[in-house]
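Residues per chain are reported as follows:
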Amino acid sequence: MDAEIISVGTEIVLGQIVNTNAPFLARQLATLGITADRQLAIPDRRDLMVKAIRVAWRRSPLVFVCGGLGPTADDVTLAAVAEAVGTGLTIDQDHWRWIQGTFAQRHKPMMPENIQQAKYLAGGQPLANAVGLALGSWYEQDDHRLIVLPGPPREFTPMVTQEVMPRLTKLVGRQVQITSRTLNFFGRPESQLMDEIAAVTANLDGVTITSYVQPDAIQVRMTVRDQPRAIADQLLDAAQAAIIKRESPFFFGVGDDCRLAKVVVDQLRDRGWRVTAAESLTGGMFQSTICSVPGASNVFDGGLVTYAARAKEQLLGIDHQVIAEHGVVSAQTAAQMAEKSRDKLGVDVGLGFTGVAGPDSLEGQPAGTVWVGLAIAGRPTTTKLLHLGAYRGRQAVRRQSVQAGLQMLYQALSK
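Now for a description of the structure that goes with this document. (Residues numbered from 1 in each chain as written. Predicted model: local features only at pLDDT ≥ 70, side-chain atom pairs only at ≥ 80, totals over all residues. Heavy atoms only, no water.)

Looking at the overall build of the protein
Moving on, step 1. Helix and strand content of the protein: 14 helices and 17 strands.
Moving on, step 2. Its C-alpha atoms give the protein principal-axis dimensions of roughly 75 × 60 × 40 Å.
Moving on, step 3. Expressed as a percentage of contacts within the protein between residues at least 6 apart in sequence, the contacts between residues at least 24 apart total 66%. (Helix = DSSP H or I, 4+ residues; strand = E, 2+ residues; numbered from the N terminus. Contact = heavy atoms within 4.5 Å.)

Concerning the environment of tryptophan 273
Moving on, step 1. In this fold, tryptophan 273 is placed in the loop between α9 (260-271) and β13 (275-279).
Moving on, step 2. Here the alpha-carbon distance between tryptophan 273 and valine 349, two residues 76 residues apart in the chain, equals 7.4 Å.
Moving on, step 3. Here tryptophan 273 is in contact with Leu268, Asn298, Val299, Asp348, Val349, Ile376, Arg379 and Leu413, once residues within four sequence places are set aside.

Regarding the packing of helix α7 (residues 190-200) against helix α8 (residues 229-247)
Moving on, step 1. At their nearest, the axes of α7 and α8 sit 9 Å apart, and the two run at 130° to each other. In terms of orientation, α7 and α8 fall into the oblique class. Pair α7 / α8 crosses with right-handed handedness. Here Leu193, Glu196, Ile197 and Val200 of α7 come into contact with α8, specifically with Ala242, Ile243, Arg246 and Glu247.
Moving on, step 2. The class makeup of the residues in the contact of α7 with α8 is 5 nonpolar, no polar and 3 charged. (Axes fitted to C-alpha atoms, helices over the stretch in contact; angles between N-to-C directions. Parallel < 35°, antiparallel > 145°, perpendicular 65-115°, else oblique. Left-handed = near helix turned anticlockwise from the far one by under 90°. Nonpolar A, V, L, I, M, F, W, Y, C, P; charged D, E, K, R; others polar.)

A few points about the packing of helix α11 (residues 309-316) against helix α13 (residues 331-345)
Moving on, step 1. The contact between α11 and α13 brings their axes to 10 Å, and the two run at 35°. Considering the relative orientation of α11 and α13, their crossing is left-handed. Judged by residue contacts, Lys312, Leu315 and Leu316 of α11 engage Thr333, Met337, Lys340, Ser341 and Lys344 from α13.
Moving on, step 2. Class assignment for the residues of the contact of α11 with α13 results in 3 nonpolar, 2 polar and 3 charged.

Quick look at the environment of isoleucine 12
Moving on, step 1. Relative to the helices and strands, isoleucine 12 is located in helix α1 (residues 10-13).
Moving on, step 2. In this structure isoleucine 12 comes out as buried when scored by relative accessible area, which is 18%.
Moving on, step 3. Between the C-alpha atoms of isoleucine 12 and arginine 342, which are 330 residues apart in sequence, the distance is 47 Å.
Moving on, step 4. Ignoring anything within four residues of it in the chain, the contact list for isoleucine 12 reads Ser7, Ile17, Asn19 and Ala41. (Buried < 20%, exposed > 50% of the residue type's maximum accessible area, 1.4 Å probe, protein only.)

Description of the sheet that holds strand β9 (residues 178-185)
Moving on, step 1. Here 4 strands make up an open sheet; going across it, the order is β10-β11-β9-β12 and the pairing antiparallel. The open sheet has two free edges, formed respectively by β10 (208-214) and β12 (251-254), since each of these has just one partner strand. When strand polarity is set aside, the average angle formed by the axes of neighbouring strands in this sheet is 25°.
Moving on, step 2. Relative to strand β11 (residues 217-225), β9 runs antiparallel, the two sharing 8 bridges. Its bridge partner lying in β11, serine 180 is registered against threonine 223. (Pairing = 2+ DSSP bridges.)

A word on the packing of aromatic side chains
Moving on, step 1. Following the criterion strictly, the structure yields 4 aromatic pairs and no others.
Moving on, step 2. Relative to tyrosine 139, the ring of tryptophan 57 lies with its centre 6.1 Å away and its plane at 40°, an arrangement referred to as tilted. Of this pair, tryptophan 57 sits in helix α3 (residues 46-59) while tyrosine 139 is found in strand β7 (residues 136-141), placing the two residues 82 residues apart along the sequence. Comparing tryptophan 57 with tyrosine 139, the two get one shared label, buried.
Moving on, step 3. For arginine 167, the ring lying beneath its charged end belongs to tryptophan 138, and the centroid distance is 5.9 Å.
Moving on, step 4. Directly above the aromatic system of tryptophan 273 lies the positively charged group of arginine 271, at a separation of 4.7 Å from the ring centroid. (Phe/Tyr/Trp six-rings, centres within 6.5 Å; stacked < 30°, edge-to-face > 60°. Lys NZ or Arg CZ within 6 Å of the ring centre and 35° of its normal.)

Concerning the sheet that holds strand β16 (residues 369-376)
Moving on, step 1. Strand order in this open sheet of 5 strands is β14-β13-β15-β16-β17, and the pairing throughout is mixed. The sheet terminates laterally at β14 (304-305) and β17 (382-387), the two strands that pair on one side only.
Moving on, step 2. As defined by bridge partners, β16 adjoins β17 across 6 bridges and the pair is classed as antiparallel. Its bridge partner lying in β17, glycine 373 is registered against threonine 383.

Overview of the environment of alanine 335
Moving on, step 1. Locating alanine 335 in the fold gives a position in helix α13.
Moving on, step 2. Taking C-alpha positions, alanine 335 is 6.6 Å from glycine 352, a pair spaced 17 residues apart along the chain.
Moving on, step 3. Beyond its immediate chain neighbours, meaning those up to four positions away, alanine 335 contacts Thr381 and Thr383.

Overview of the pairing of β11
Moving on, step 1. Among the 9 residues that make up β11, 8 are buried, leaving the element largely enclosed by the rest of the structure.
Moving on, step 2. The loop that links β10 with its antiparallel partner β11 comprises 2 residues.

Description of the nonpolar core
Moving on, step 1. Counting residues in hydrophobic clusters, the biggest one holds 56 residues, and the most contacted among them are Leu268, Val349, Leu351 and Leu409.
Moving on, step 2. Counting residues in hydrophobic clusters, the runner-up holds 25 residues, among them Phe24, Leu32, Ala36 and Ile147. (Core = buried A, V, L, I, M, F, W, Y, C linked by side-chain atoms within 4.5 Å.)

Re unusual backbone geometry
Moving on, step 1. The omega angle of the peptide bond from glycine 358 to proline 359 is 5°, so this bond is cis rather than trans.
Moving on, step 2. At aspartate 226, a position not held by glycine, the phi torsion is positive, near 55°.
Moving on, step 3. Its location among the elements puts aspartate 226 in the loop between β11 and α8.
Moving on, step 4. By relative accessible area, which is 55% here, aspartate 226 ends up exposed.
Moving on, step 5. Positive phi, close to 55°, is recorded for glutamate 363, a residue that is not glycine.
Moving on, step 6. Turning to its location among the elements, glutamate 363 is positioned in the loop between β15 (349-355) and β16.

Thoughts on the pattern of salt bridges
Moving on, step 1. Within the structure shown, the criterion is met by 20 salt bridges.
Moving on, step 2. The shortest N-O distance in the salt bridge between glutamate 247 and arginine 188 comes to 3.8 Å. Here the residue glutamate 247 occupies a position in helix α8, and arginine 188 occupies one in the loop between β9 and α7, the gap between them amounting to 59 residues.
Moving on, step 3. With its nearest N and O atoms 3.2 Å apart, the salt bridge here joins aspartate 233 to arginine 229. Of this pair, aspartate 233 and arginine 229 both sit in helix α8, 4 residues apart, roughly one helical turn.
Moving on, step 4. Looking at arginine 229, the relative accessible area reads 52%, which means it is exposed. (Salt bridge = Lys/Arg side-chain N within 4 Å of Asp/Glu carboxyl O.)

Right, here's the structure in full:
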């Protein structure tokens with residue numbers, strides 16, 4: 001089955017924002033054997049939308065229109081889609097009451113235009129929005145299907161995974177049996193990872209393996225087609241075992257939604273352990289990442305941000321002589337940050353992050369040089385030196401430092 005993706009937004013056409021929705025959707029469709037050969041970006045002009053949608057609707061069995069479902073004057077996508085396919089719009093009264101209740105709860109005034117977010121294509125089905133206000137639409141006519149989705153990625157992604165993909169899976173499942181599984185890795189360059197995976201799975205027939213680079217992980221998707229589920233699972237089990245045996249230091253979980261932070265929080269909770277951190281270059285990002293996981297309060301009480309050397313000495317009690325002799329960007333300082341933060345909070349695990357986010361060097365150390373310390377009660381303190389790609393910018397260095405710390409902790413907890 002072929003599909004077309006139409007992305008709506010003047011800001012996309014002008015290059016003011018990067019369109020991450022279309023690539024994400026195309027990757028999701030590919031897991032079902034659906035190819036999005038045609039992808040188009042158009043501005044917020046109703047006449048251009050109607051024309052583009054009509055052309056796509058005539059030639060493709062599956063059309064996606066993404067963006068422009070808000071309540072403002074330039075959000076005309078739904079009306080344009082209705083005109084293009086010759087239908088009207090329907091108000092989901094339950095959803096409209098929910099929107100009104102949400103505004104009342106937040107003590108915010110609601111504009112009359114907000115009712116647009118409770119509308120969907122007449123004759124179709126509304127698609128629930130798990131994290132936003134605007135409904136999506138699923139519309140069918142003569143073996144053609146048109147799906148309208150919101151533009152903000154935080155709304156778009158869950159609507160695709162929770163509302164669209166299950167429907168498409170049932171649809172495609174009648175035509176071809178597809179079984180997939182996703183493995184997650186961190187700390188290995190994609191090219192090297194895939195070369196090594198290709199080598200250990202060369203003798204495994206029937207399994208297609210592809211990779212997708214995410215901001216904080218590399219996802220490796222294994223797919224088996226046209227096999228009964230039991231046989232497909234056996235093939236995937238064999239491939240997974242071979243891959244993990246080769247790449248175990250970098251593997252951290254299975255699943256499209258697997259996050260290293262959640263895996264670590266679950267490990268800590270299962271052990272009944274609590275974690276803290278002292279952060280320098282990461283500026284609290286590790287602690288924020290831990291707190292982004294539901295249930296983090298079970299494993300995290302608090303931590304410290306000690307950016308300057310003086311703060312490290314005053315708040316953590318790091319020996320001045322250690323910093324004077326070894327510098328703040330050193331294994332010794334990272335180790336003491338981990339140990340003393342753990343002692344200060346009286347918890348089981350402490351991490352220390354110190355390094356050079358860039359763009360300038362520090363203490364003769366180039367940007368991207370990072371030390372991470374890990375102190376676990378009853379175990380020797382360990383440190384790890386990272387040489388991260390400073391060309392990616394400060395935020396990437398900080399984010400990768402956090403992921404490296406999570407990986408260190410994951411590996412320690414897996415022993």
